[in-house]
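Listed here are the chains, written in short residue letters.
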Amino acid sequence: MPKTLKFPPGFLWGSAVSSYQVEGGIENSDWSRDYPAGKACDYYNRYEKYFDLAKELGQNIHRFSIEWSRIEPEEGKFDKAAVEHYKKMLLALRQRNIKSMVTIWHWTNPLWFARKGGWENSKSSEYFARFVKFAVPELDNLVDFWATLNEPGVLLSHGYLAGIHPPHKKSILGFAKVYGNLIKTHNAAYKIIHSFNQKAKVGIIYNATFVKSAHKDSIVEKICVKIWEYLRNRMFLNAVRNNADYLGLNYYFPDNIEFTPFKFPFIGMSNRSKEITDMGWEIFPEGIYHTLKDLKRYNLPIYITENGIADAKDAKRAKFIIDHLRWMHKAISEGVDVRGYLYWSLLDNFEWTYGFSKRFGLIEMDFGSLEARIRPSALKYAEICKSNRIILDIRY
Ligand code: FCB
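Residues numbered from 1 in each chain as written. Predicted model: local features only at pLDDT ≥ 70, side-chain atom pairs only at ≥ 80, totals over all residues. Heavy atoms only, no water.

Asks: Quick one: what's the story with the site of the ligand, residue by residue and with numbers?
Replies: Neighbouring residues of the ligand: Gln21, His106, Trp107, Asn150, Glu151, Asn250, Tyr252, Glu306, Trp344, Glu351, Trp352 and Phe360. In the environment of the ligand, an oxygen atom lies 2.9 Å from a nitrogen or oxygen atom belonging to the side chain of Asn150. Within the side chain of Trp352, an N or O atom sits 2.9 Å from an oxygen atom of the ligand. Considering the ligand on its own, with 300 Å² of exposed area, one finds that the protein chains cover 95% of that surface. Taken together, the residues of the shell around the ligand break down into five nonpolar, four polar and three charged. (Near = heavy atom within 4 Å. Polar contact = N/O pair within 3.5 Å; in protein donor to acceptor, adjacent residues only side chain to side chain. Areas by Shrake-Rupley, 256 points an atom, 1.4 Å probe, with all protein chains shown as cover. Nonpolar A, V, L, I, M, F, W, Y, C, P; charged D, E, K, R; others polar.)

Quick look at the structure:
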């Protein structure tokens, strides 16, 4: 008899996407200005076909985001038809018996909001609250899980420190303002959703990670690991933990702290791993286990809301998924309350500044013809989704 790892009954299995990366035709957001995604996967029109594929792959939860720039294209003017569209999508999921997790903000902002200073504006959380007050009551009876913000830390680091995402700033002051405003935004949105529906399940999606040191016995690195763990993993979550019914964890790679006494700036991130993805990201499945064990401190149910690999050849994906699931299973068996796993992504899509070159999908997309083809690794994942267990000792 092969050894199997069983997951808890009712465990949710699925995949995730975000509006800008898949929908196509989004022209009114800050990202469209700098990085046009064109028709992307045309998910806005073809969602039923993609939901059918998700169903075929045994998935029982789907995560997508609603696009603020569609729903509120001009300040204070709401487009009813855009909300109706998301309603239809939610109904299509219900018809297929697939639960929904709806992200309200997945990085893109309406142009009018960006022009007002975006998240640096001291009223940004109020603007967002107005949008939430309009959209949520329209959709709430069809939504299983609300997620307020996706990876606020990435907007902060990439948008306000490194300057590589819109609004392309390198500003400590901007960073500090946005940090505070995003906390306010989440906390306010949480309360608004609960004012409409006390039973709503509202969470935040955060990319905490496992922080390790490059050299086993470097004391400097050990101290920096502790400091970085706090800054990267806990500081933001500590400020929102009381307004969360669950935590969404996006895990991709660990952070390696390296001290280089002869090289400025002396301390930084290194990646010497041979096991990497097409993004150059280190493959370190054990990291999901340590991250989950650490998140247990918040005493909240956890969903893996993203975990995935850019792998155009589909040579590493099945092993990547199964290795992460094995470590996730270990965390569950040691008492971490993980209730679902959503692979990133259901289909190849627009990977932000990288465009369409990075292939994360269970489904391979031809961006010319928009033909969609299930990858072999997706079938392996489907076996797990359908049986709620992993059979060990099989070759991937
Ligand atoms: C995450 C983002 C998601 C996707 C993956 C690869 O940081 O939330 O939209 O781009 O990375």
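Asks: Talk me through the pattern of salt bridges; I want residue IDs and the actual numbers.
Replies: Going through the model one piece at a time under the given rule, you end up with 30 salt bridges. The partner of Asp294 in a salt bridge is Arg234, with the nearest N and O atoms 2.7 Å apart. With Asp294 in helix α11 (residues 286-295) and Arg234 in helix α10 (residues 219-240), this residue pair connects regions lying 60 residues apart in the sequence. Since its relative accessible area comes to 14%, Arg234 is described here as buried. When the shortest N-O distance is used, the salt bridge between Lys330 and Glu334 registers 2.9 Å. Overall, the relative accessible area of 33% leaves Lys330 in the partly exposed class. A cluster of three or more residues bridged by salt bridges with shared partners is formed by Lys226, Glu229, Arg234, Asp294 and Arg297. (Salt bridge = Lys/Arg side-chain N within 4 Å of Asp/Glu carboxyl O. Helix = DSSP H or I, 4+ residues; strand = E, 2+ residues; numbered from the N terminus. Buried < 20%, exposed > 50% of the residue type's maximum accessible area, 1.4 Å probe, protein only.)

Asks: Describe the packing of aromatic side chains, with residues and values.
Replies: In total, this model carries 45 aromatic pairs according to the counting rule given. Taking 6.1 Å as the distance between ring centres and 15 degrees as the angle between the ring planes, the aromatic pair formed by Tyr43 and Tyr50 counts as stacked. When its relative accessible area of 0% is taken as the criterion, Tyr50 is described as buried. Look at Trp105 and Trp119: their rings are 5.6 Å apart centre to centre, the planes differ by 80 degrees, and that puts the pair in the edge-to-face class. (Phe/Tyr/Trp six-rings, centres within 6.5 Å; stacked < 30°, edge-to-face > 60°.)

Asks: Describe unusual backbone geometry, listing the residues and the values that go with them.
Replies: Of all residues except glycine, most have a negative phi; of all peptide bonds, most are trans. Pro265 follows Phe264 through a cis peptide bond whose omega is 0 degrees. In this fold, Pro265 is placed in the loop between β9 (255-259) and β10 (267-269). Cis rather than trans, the peptide bond between Trp344 and Ser345 has omega equal to 15 degrees. Residue placement: Ser345 occurs in the loop between β12 (338-344) and β13 (363-365). One non-glycine residue, Ala40, lies in positive phi territory at about 45 degrees. Counting through the fold element by element, Ala40 comes out in the loop between α2 (30-34) and α3 (43-56). The class for Ala40 is buried, based on a relative accessible area of 2%.

Asks: Help me get a handle on the pairing of β12, residues and values and all.
Replies: Within β12, six of the seven residues are buried, which leaves it mostly tucked inside the rest of the structure. Looking at chain direction, strand β2 (residues 12-16) and β12 are connected through five bridges and run parallel. In the strand pairing of β12, Trp13 is matched with Tyr341. Sheet topology note: the strand β11 (residues 302-306)/β12 ladder contains three bridges and is parallel. (Pairing = 2+ DSSP bridges.)

Asks: Lay out the packing of helix α9 (residues 172-196) against α10 with the relevant residues and their values.
Replies: Helix-helix packing is described using two parameters, namely the angle between the two axes and the distance between the axes. Remark: α9 packs on α10, axes separated minimally by 9 Å, with the N-to-C direction vectors making an angle of 40 degrees. On the basis of their axis angle, the class for α9 and α10 is oblique. Judged by the sense of rotation from one axis to the other, the crossing of α9 with α10 is right-handed. Note on element contacts: α10 touches α9 through Met235, Phe236, Ala239 and Val240, opposite Tyr179, Leu182, Ile183, His186 and Asn187. Taken together, the residues that form the contact of α9 with α10 break down as seven nonpolar, two polar and no charged. (Axes fitted to C-alpha atoms, helices over the stretch in contact; angles between N-to-C directions. Parallel < 35°, antiparallel > 145°, perpendicular 65-115°, else oblique. Left-handed = near helix turned anticlockwise from the far one by under 90°. Contact = heavy atoms within 4.5 Å.)

Asks: Let's hear about the environment of Ala244: which residues, and what values?
Replies: If you trace the backbone, Ala244 turns up in the loop between α10 and β8 (246-250). Classification of Ala244 as buried rests on a relative accessible area of 9%. Along the chain, Ala244 and Ala147 lie 97 residues apart, while their C-alpha atoms are 9.4 Å from each other. If we skip the residues at most four places from it in the chain, Ala244 touches Tyr190, Val202 and Leu300.

Asks: Please give an account of the packing of helix α7 (residues 124-139) against α9 that cites residues and values.
Replies: The contact between α7 and α9 brings their axes to 9 Å, and the two run at 25 degrees. Relative to α9, α7 is oriented roughly parallel. Our pair here, α7 against α9, has a crossing hand that is right-handed. Packed against α7, whose contacting residues are Ser124, Ser125, Phe128, Ala129, Val132, Lys133, Val136 and Pro137, the element α9 presents Asn181, Lys184, Thr185, Ala189, Ile192, Ile193 and Phe196 at the interface. Of the residues in the contact of α7 with α9, the class split is nine nonpolar, four polar and two charged.

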